[in-house]
Structure formats: C-alpha cells, structure tokens
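Observations on the three-dimensional arrangement
The chain contents come next:
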Amino acid sequence: MATDQIRLLVVEDVQQVAQYIRGLLNSQTQIKLLEVMTDGSKVAAHAQQLRPDVVLVDYLLQGRTKGPALIEQLHAIGIPVIALTVPQNPVAPNAAKGIHGVLSMPFTGYDLVSRVQAVHSDAQAADQIGAARVISIYAPKGGVGRTTIAFNFAVASSQIGLRTVLVDGSLQFGDMRSLLRVPGDAPSILDLPTDRIQESDLADVLWRDPSGIDILLAPPRVEMAEMVTVRDIDKILSLLRRVYAVVVIDMAATLSDVTLQFLDVSDTILEIVTFDSTTIQNTLAVVDAFRSIGYPPSKVRYLVNRADSSGGISADDLSRVLGRVPEHTVVSDGRLVIQSNNEGVPFVLANPQAPVSQDVMRVVTQVLGAGRVAAAGRP
C-alpha cells in the first residue's frame, strides 16, 4: 500500500491550519505526509532531498521567502504545487507558473485528498507525454564498440528531432574525450555545482559537438573520477531529464557504485555483445549481477555489434547462451567506422546510407519507440 501513496510536503506557517491538515490526513491512506515546514527559504533545497510528488504551499506564506516566490522555486525544479489560499485572495491555477491546483479555505478532507490526487495524476500524465528517456550503452568488456555505438546512437536520435545529450559515463578514462579529441581544458562534469544544479549551469559546462548534440564530458584526469559521487549523478540526471528528450550514457565496464547509479536511473540498458567468447562469458556474469540487483529482464536489450562477423559462433548459439534472441544487430563496416572515428565524425552523418548507419538508425527507432520518433518529426 505504501508504494502507491502520494508523497505530500506541506508548507504552512499558521499552526492551526497545519494541525487541521495533519488531522485530515491522519484519517486516510492515499497520501503520505512527509513533513510540515514553516520556513519557505528552506523548502526548495529540502524538497530536492525528499522528492515529494506534490507540495501544498500557503500562498500567503510569510517570512523571507513568500508563497509566490517559493512556488517559482519549486516550479524551477519541476515539483507540482497546490496553492492554499482564502476566498478574499483568489488564486487561479496556472501550470506555466507552477500552480497546478488551488485549494481555498475552508476545505474538507475530501477536498484536500481529491485535489492532491488530481494534481498528482495530471503530473504523471504530463510526464508520460514528455518524459525523457535515459539509455545506457553498456558492455562488460572493452573493445566491442560501445563508445562508437553510444556516439552514433546519440547523433541519430538528434537527427530525428529529439533533443539529445550524451553523457561520458566512463569517468576514469573519458572515452568520449578520446574519441572526439576534446581539449584537455574543456569543461567536464566536475564543473557543475555540487549543491544546487540549475538549467543555466549547463550552458557553460556542456561540450557542443559539431554533429549537433551536447556532451557532458568526464573529468580530464583519471584520479578526478573519485570526485564524482552517487549523489552528484542523481542530481545531474534529474536535471538532464527535464531539459532533454533523450539522455544517452556511454558507460564504463566496471560495476562501481557510480556505474550502478547510472544504470539504476536508466529506462533501458542497451548492452553490447559480440561473437567473442570472453565478451559472452562476461555478459553472462552481468546477467547474474543484474538479476541479483533486481533489474527486470525488460530493462536490458541486447545489441549484437559486428553481427556479420560471427568468428565461428552462430547467432543461434549466442541466443541459446543468452537465453533469448538479441533484440538488435549492427553490421560491421571497418573502413567507414575507423575513418569516421579517426576524424571524430559520426558515421551516421558521414554516410547515412551505409548499412551500419541504417542499422543504428533502426536501433534508435526500436529503442525509443516508433511513435515517439514519428512525433519528433511532426512540424
């Protein structure tokens, strides 16, 4: 039951009203009251930690941060708000300004619960329509073309009209830095603030690739990777989800705490396999790891890279070992891929008609969903 409850944060500085709300919520099970706060200046930062589904704010809130100013702050971090007011001070719902619902005193328990449920339901529906997709490109072994696939996947996503950002999740070695020959002094994930990250912070930190995608680069030196924490990853990806339609992460092979955080928040793990016995064995080990973590099989999709270079292992053999037929295949094209990588150019742009480019575009369509891709192409 608790997992279905709506998490509500209340901001109310009138003690009698706060007690009344507590009493109403004590007699129901649909809403979980996280906390009642009285100081508006502390709410935004606290809300980022609590992650409420809805915040009820007294529009007449006093103190250093008044009700309207607090609603603007909560709107900036993407949390739906119900404004609590009185008939003498009418407030109109305006989602564009962060007011997703209005509750006027006096109100009953039914009024309170139904308004919270309605605002939460609307927010969920909006998320489903415009929600970003986070795709982690992962392989348990190097040398299988993971970074190349990640780069071209991101560019292909951008080419069909989806605003896309690529995150260099190989924090120690910065594989994307190497592929694109980015200058050593280019900004990285470490240049983002460690406390509150705002959309405006991204402009000075993201690397704009000539292909048209934004890239959040890994630190420039190996030892700097330890400065990125799990909490940092959580905050950064939360922000990127609000700004971009697609977030693509080029993952490291190791399953560290930071790597697992990337994977945890991903909607899809696109795992690269090849017709190579070592890669297949590592892939099977990761299957067990993902199962113990609790990832459902549907979260992982297999992509067979260099699918036309079997090396003596048949497609049926690979399917039998994996226990399922891989969802995607990409053929090899050593000449085009190597030349494109040497020039720092995605092969999906260098030769869009090549079979390898067509395969990657097909993977993008299948992973992101044909309906989403079609919608992106509408005027």
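These lines cover the structure that appears in this document, whether it is placed above or below. Position numbers for residues start from 1 in each chain and track the written sequence from start to end. Given that the model is predicted, a residue must reach a pLDDT of at least 70 before its local features are reported, and side-chain atom pairs must reach 80 or more before they are shown or counted; all residues, however, enter totals for whole chains, interfaces and linings. With hydrogens and water stripped out, all remaining heavy atoms of the structure feed into the side-chain values.

Side note on the pattern of salt bridges
Each reported salt bridge corresponds to a side-chain nitrogen of Lys or Arg within 4 Å of a carboxyl oxygen of Asp or Glu. Going through the model one piece at a time under the given rule, you end up with 10 salt bridges. Arg 146 is the partner of Asp 175 in a salt bridge, and the nearest nitrogen-oxygen pair spans 2.4 Å. Of the two residues, Asp 175 sits in helix H6 (residues 175-180) while Arg 146 sits in helix H5 (residues 146-159), which places them 29 residues apart along the sequence. Since its relative accessible area comes to 23%, Asp 175 is described here as partly exposed. When salt bridges that share partners are traced, they join Arg 146, Asp 175 and Asp 250 into one network. The numbering of helices and of strands both runs from the N terminus, where a helix is a DSSP run of H or I of at least 4 residues and a strand a run of E of at least 2. For every residue, the accessible area (1.4 Å probe, protein chains only) is compared with the maximum for its type, and the residue is labelled buried under 20%, exposed over 50%, or partly exposed between those bounds.

Things to note about the sheet that holds strand S5 (residues 99-104)
Reading across the sheet, the five strands line up as S2-S1-S3-S4-S5 and stay open at both edges, with parallel pairing between neighbours. Two strands lie at the open edges of the sheet, namely strand S2 (31-37) and S5, each paired on one side alone. Across the sheet, the mean angle from the axis of one strand to that of its neighbour is 25°, orientation sign disregarded. Pairing of strand S1 (residues 6-11) with strand S3 (residues 54-58) involves four bridges; the strand directions are parallel. Considered in S3, the bridge of Leu 9 is made with Val 55. Two strands pair if DSSP finds at least two bridges between them. Orientation is described by lines fitted to C-alpha atoms, with helices fitted over the stretch in contact, and by angles between N-to-C directions that extend from 0 to 180 degrees.

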